[in-house]
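Examining the three-dimensional arrangement
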Amino acid sequence: MSPECHQLYLLLSACQGNWRNSVHISTDTPGYLLSEDRDGQPIVMAVEQFQQLTGEQIDPTECCGQLTEDAFKSLYSQYLLWTMPSSEADPLAALCQSTSTAF
């Protein structure tokens, strides 16, 4: 399975198969979708990638919640501190590529 499809599977599993059950993280790009797996680990996918893989258009107002990028970093600050390989890395991009493996 390709990493992109695996990330899509993880996200949809975490949000019960409906992207509307995820939280939209707003950034300079179209943003990211956030959910958590059964262990509380964040599952993140770029909206652009989700739309390419599914053909669905994401309306952030239909998500169950919305966060800014700064609010996400604040909410997950301790998690990011322990899991990110470098403080210089973009945490959202890194989480999108991590699938279920550790950094």
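For the structure itself, consult the block above.
Residues numbered from 1 in each chain as written. Predicted model: local features only at pLDDT ≥ 70, side-chain atom pairs only at ≥ 80, totals over all residues. Heavy atoms only, no water.

1. Considering the overall build of the protein
Per the secondary structure count, the protein includes 5 helices and 4 strands. Sequence-ordered secondary structure for the protein, helices as α and strands as β, is α-β-β-β-α-β-α-α-α. Each of the three principal axes of the protein carries a C-alpha extent, and together these read 35 × 30 × 25 Å. Counting across all 103 residues of the protein, residues that qualify as buried make up 37%. In the protein, the share of contacts with a sequence separation of at least 24, taken over all contacts with a separation of at least 6, comes to 52%. Accessible surface for the protein amounts to roughly 6,100 Å². Of this, 48% is attributable to carbon and sulfur atoms. (Helix = DSSP H or I, 4+ residues; strand = E, 2+ residues; numbered from the N terminus. Buried < 20%, exposed > 50% of the residue type's maximum accessible area, 1.4 Å probe, protein only. Contact = heavy atoms within 4.5 Å. Areas by Shrake-Rupley, 256 points an atom, 1.4 Å probe, with all protein chains shown as cover.)

2. Comments concerning the nonpolar core
Ranked by size, the top nonpolar core spans 14 residues in total, and within it I25, Y32, L34, V44, F72, L80 and L92 carry the most contacts. For this core, the secondary-structure elements that each account for two or more residues are β1 (23-26), β2 (32-36), β3 (42-46) and α5 (91-98). Considering every element that reaches this core, the biggest residue donor is α5, with 4 residues. Discounting residues that sit within four places of it in the chain, F72 has contacts with I25, L34, L67, L80, L92 and L95. With 13 residues, the next largest nonpolar core counts L8, C15, I43 and M45 among its residues. (Core = buried A, V, L, I, M, F, W, Y, C linked by side-chain atoms within 4.5 Å.)

3. A short note on the pairing of β1
Two elements, β1 and β2, share 3 bridges in a ladder whose sense is antiparallel. Paired with I25 across the two strands is Y32, which belongs to β2. Between β1 and β2, which pair antiparallel in sequence order, lie 5 residues; one of them, G31, sits at a positive phi of approximately 105°. (Pairing = 2+ DSSP bridges.)

4. What to know about the sheet that holds β3
In space, the 4 strands of this open sheet follow the order β3-β2-β1-β4, with mixed pairing throughout. Strands at the two margins of the open sheet, each flanked by one partner only, are β3 and β4 (65-68). Each neighbouring strand pair of the sheet contributes to a mean axis angle of 30°, computed without reference to strand direction. Relative to β4, β1 is paired through 4 bridges, and the arrangement is parallel. Across the sheet, V23 pairs through a bridge with G65, a residue of β4. (Axes fitted to C-alpha atoms, helices over the stretch in contact; angles between N-to-C directions.)

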